[in-house]
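# Observations on the three-dimensional arrangement
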Amino acid sequence: MEVDSPRKYIYSDTELDREEGQVIEELKANSQPTIPDPDQWLEEVPEQNILLTTVDWFINWGQRSSLWTAICFPACCAFEFIAANGPRFDLSRFGMEILRASPRQADLMITAGTLTWKMAPNVRRIYNQMAEPKWVIAMGACAISGGIFASASYAVVPGYNHIIPVDVYVPGCPPRPEALIYGIQMLQKKIAQKKNIDIGKLIRR
Amino acid sequence: MTVALSGKEIATQIEEKFPESVVESSEKAVVVKSDSLLDVAAFLKDTPDFDFDYLNYITAVDYYDHFEVVYMLSSLEHNHSLVIKARCYDRESPSLPSVVHLWQGADFQEREIYDLMGIKFEGHPNMKRIFLWEGFPGHPLRKDFM
C-alpha cells in the first residue's frame, strides 16, 4: 500500500515489522522452559541454619554479650575506666562499650571509686533504678573494702557490698584497664552459668 | 607579688582605733579578741588604706585548750595581705561572730568549720553542716574525736 509522502514516517515500514516479528518468534521459540526462581535457595535456609540449644544458654548469651554500664564514678578509678573505654584498650571489642546516662538502660554497674556515706543513698538509688537483670563490679580497693580510707575514715563506706550486692571484685589502686576487662570477662563467665528457668516449677505447673 | 603586711604595725593601728582588742601580734599575724573581731574586720575592710576586700580563706586549728580561727585577707587594690586570728576557749560550745555580711565567700567555709570543728558562727544565715549529714556524732577534725 502506497502511503502519501508527508505521512510516510508516521507508519512503520513493513520491512521493520517483519524484523520485529522475527525477533518475537525467536524469543518465543527459546522461551519454552521457564527460568528458575533466583530466590529458590531461600527455602533451603531453614534446613541449613537451625541450631538447637538451650533457652538458658541463649538468654545468657544475649545478656552477657551486651553489658551496658551505668555511670557510677565517684572517684579516681573512673579515669582508669575511661582509659579502658578509650581506643587503646577498647572495651567495645567485647560489646560493653556503651555507657548509659540513664540507669534504666544499664545492666552493669562498675563502681569506680571511693564512696562516702553522704553519697551512698544516691548510689543505692541508681542501683535500684537499674532494670533486672543487673550486676555489679566493685572496681578498686576503695570499692572492695574502703581502701586506704577503710581504717580511719568516719565518712567512707567500707566497701560497696555494704550498700549493694557485688558480683565481681577487681583489686588494684586503681586496677589497670586490663584488670577491669578481665573482671568483666569473669562476670561474663558467671552470667554464662546462670539458670534462668526453674524446670521443676514448669513441670509442677 | 602580694606584700604581706607586718602584723605588728597593723596591730598598733587597730589598737589606736579599738583599745585592748588585740591579744598578741607578730610579724605574721594579729590575734584579736573574739568580742572585737567583727569591729576589727569591718575596720580592715572599710579603711581605704587597708581595703581588704577579699577573704582568701578561713580555717580553724585545734590547740587542745583552745581553737584558733584564721582569716587570711587580701586587698586586690593595694595587693597586700594580712592574717588575723581569733581564739575560742570554750570547748563545749565555741562560737565566734560570722563575717558573711562582710565577705560572702565566708559562707561555705564557716559552715565547713562548724561541720568539722564544731565552732558556731553567730549571725551566719545558714549555720548547719555542709559535708556530713545531720545527726553525725561529733566534729571529726577535733583532736579528741577518735
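Quick caveat: nothing in here was measured; it's all calculated off a predicted structure.

### Concerning the overall build of chain B
Across its full length, chain B holds three helices and eight strands. Taken from the N to the C terminus, the helices and strands of chain B come in the order β-α-β-β-α-β-β-β-β-α-β. Counting every position in chain B, which comprises 146 residues, the buried fraction comes to 31%. Within chain B, contacts between residues separated by at least 24 positions form 42% of all contacts whose residues are at least 6 apart in sequence.

### Comments concerning the overall build of chain A
The number of helices and strands found in chain A is eight helices and five strands. When the helices and strands of chain A are placed in sequence order, the string is α-α-α-β-α-β-β-α-β-α-β-α-α. Relative to its length of 205 residues, chain A is extended, with a C-alpha radius of gyration of 34 Å against a globular reference of 17 Å. Viewed in the frame of its principal axes, chain A has a C-alpha envelope of about 115 × 55 × 30 Å. Going through the 205 residues of chain A one by one, you find that 25% of them count as buried.

### Quick word on the sheet that holds strand S2 (residues 99–100) of chain A
All names here are of chain A. One open sheet holds the five strands; their spatial order is S2-S1-S3-S4-S5, and the pairing between them is parallel. Each edge of the open sheet is held by one strand with a lone partner, namely S2 and strand S5 (168–170). Lying on the sheet, helix H7 (residues 177–192) is in contact with strand S4 (135–139) and S5; it crosses S5 at an angle near 165 degrees.

### A look at the environment of His162(A)
Residues and elements named next belong to chain A. Structurally, His162 can be placed in the loop between helix H6 (141–145) and S5. Classification of His162 by C-beta neighbours within 10 Å gives exposed; the count is 12. Between the alpha carbons of His162 and Ile144 there is a distance of 9.8 Å; along the sequence they are 18 residues apart.

### A look at helix H4 (residues 77–85) of chain A
Residues and elements named next belong to chain A. Within the sequence span of H4, burial applies to Cys77, Glu80, Phe81 and Ala84. Buried residues along H4 cover an arc of 100 degrees about the axis, so they all sit on one side. Among the structural elements, strand S3 (108–112), S4 and H7 are those in contact with the buried residues of H4.

### Observations regarding the environment of Pro87(A)
With respect to the element layout, Pro87(A) can be found in the loop between H4 and S2. Separated by 60 residues in sequence, Pro87(A) and Leu27(A) place their C-alpha atoms 61 Å apart.

### Description of the confidence of the model for chain B
Here chain B averages 90 in pLDDT, while 100% of its residues score no lower than 70. The ipTM assigned to the predicted complex is 0.70, against a pTM of 0.71.

### A look at the packing of helix H3 (residues 55–64) of chain A against H7(A)
Residue and element names in this part refer to chain A. Packing of H3 against H7 leaves a shortest axis separation of 9 Å and a crossing angle of 160 degrees. Classed by the angle they form, the pair H3 and H7 counts as roughly antiparallel. The handedness of the crossing between H3 and H7 comes out as right-handed. Where H3 approaches H7, its residues Asn60, Gln63 and Arg64 are matched on the opposing element by Gln188, Ile191 and Ala192. When grouped by side-chain class, the residues that make up the contact of H3 with H7 number two nonpolar, three polar and one charged.

### Some words on the pairing of strand S6 (residues 80–88) of chain B
All names here are of chain B. The pairing of strand S1 (residues 3–4) with S6 spans two bridges and is classified as parallel. The partner of Ala4 across the bridge, within S6, is Ser81. Pairing of strand S3 (residues 29–32) with S6, which is carried by four bridges, proceeds in the parallel orientation. Bridge assignment links Val30 to a residue of S6, and that residue is Ile84. By the bridge criterion, nine bridges tie strand S5 (residues 67–75) to S6 in an arrangement that is antiparallel. For Ser75, the partnering residue across the bridge sits in S6 and is His80.

### What to know about unusual backbone geometry
The phi angle of most residues is negative, glycine excepted, and most peptide bonds adopt the trans form. Cis rather than trans, the peptide bond between Glu132(A) and Pro133(A) has omega equal to -5 degrees. With respect to the helices and strands, the residue Pro133(A) is situated in the loop between helix H5 (120–129) and S4. Cis geometry marks the peptide bond from Cys173(A) to Pro174(A), where omega comes out at -5 degrees. Position of Pro174(A) among the secondary structure elements: in the loop between S5 and H7. The phi angle at Glu20(B) is positive, at roughly 60 degrees, despite the residue not being glycine. Tracing the sequence through the fold places Glu20(B) in the loop between helix H1 (7–17) and strand S2 (22–25). Residue class for Glu20(B) comes out exposed when judged on the 9 C-beta atoms lying within 10 Å of it. Positioned with a positive phi, Asp51(B) is a non-glycine residue whose angle comes to about 55 degrees. Tracing the chain through its elements places Asp51(B) in the loop between helix H2 (37–46) and strand S4 (54–62).

Cut-offs used in this document
- Each chain has its residues counted from 1, running along the sequence as written.
- Both sets of labels track the order of writing: A upward for chains, 1 upward for ligands.
- Restriction of local features to residues with pLDDT of at least 70 applies here, the model being predicted, together with a cutoff of 80 or more for giving and counting side-chain atom pairs; totals for whole chains, interfaces and linings are based on all residues.
- Runs of E in the DSSP output that reach at least two residues are strands. Runs of H or I that reach at least four are helices, and both are numbered from the N terminus.
- Neighbour counting defines burial: a residue surrounded by 20 or more other C-beta atoms within 10 Å of its own C-beta is buried, one with 12 or fewer is exposed, and intermediate counts give partly exposed, using backbone-placed C-beta atoms.
- Contacts here follow a simple rule: the backbone-placed C-beta atoms of the two residues must lie within 7 Å.
- Radius of gyration: over C-alpha atoms. The globule rule applied is 2.2 Å multiplied by the number of residues raised to the 0.38 power.
- Here, strands pair whenever DSSP counts at least two bridges between them.
- Each axis is a line fitted through C-alpha atoms, and for a helix only the stretch in contact is used; angles between axes span 0 to 180 degrees, taken between their N-to-C directions.
- Starting at the helix axis, one direction is taken to each C-beta atom, and the arc is that of these directions.
- Along the chain, pLDDT gives the predictor's confidence residue by residue, from 0 to 100.
- For classification purposes, an angle smaller than 35 degrees is called roughly parallel, one larger than 145 roughly antiparallel, one from 65 to 115 roughly perpendicular, and anything else oblique.
- Each crossing is labelled by how the near helix is turned from the far one, with a counterclockwise turn of less than a right angle marking it left-handed and a clockwise turn marking it right-handed.
- All amino acids are sorted into three groups, where Ala, Val, Leu, Ile, Met, Phe, Trp, Tyr, Cys and Pro are nonpolar, Asp, Glu, Lys and Arg are charged, and the leftover types, Gly among them, are polar.

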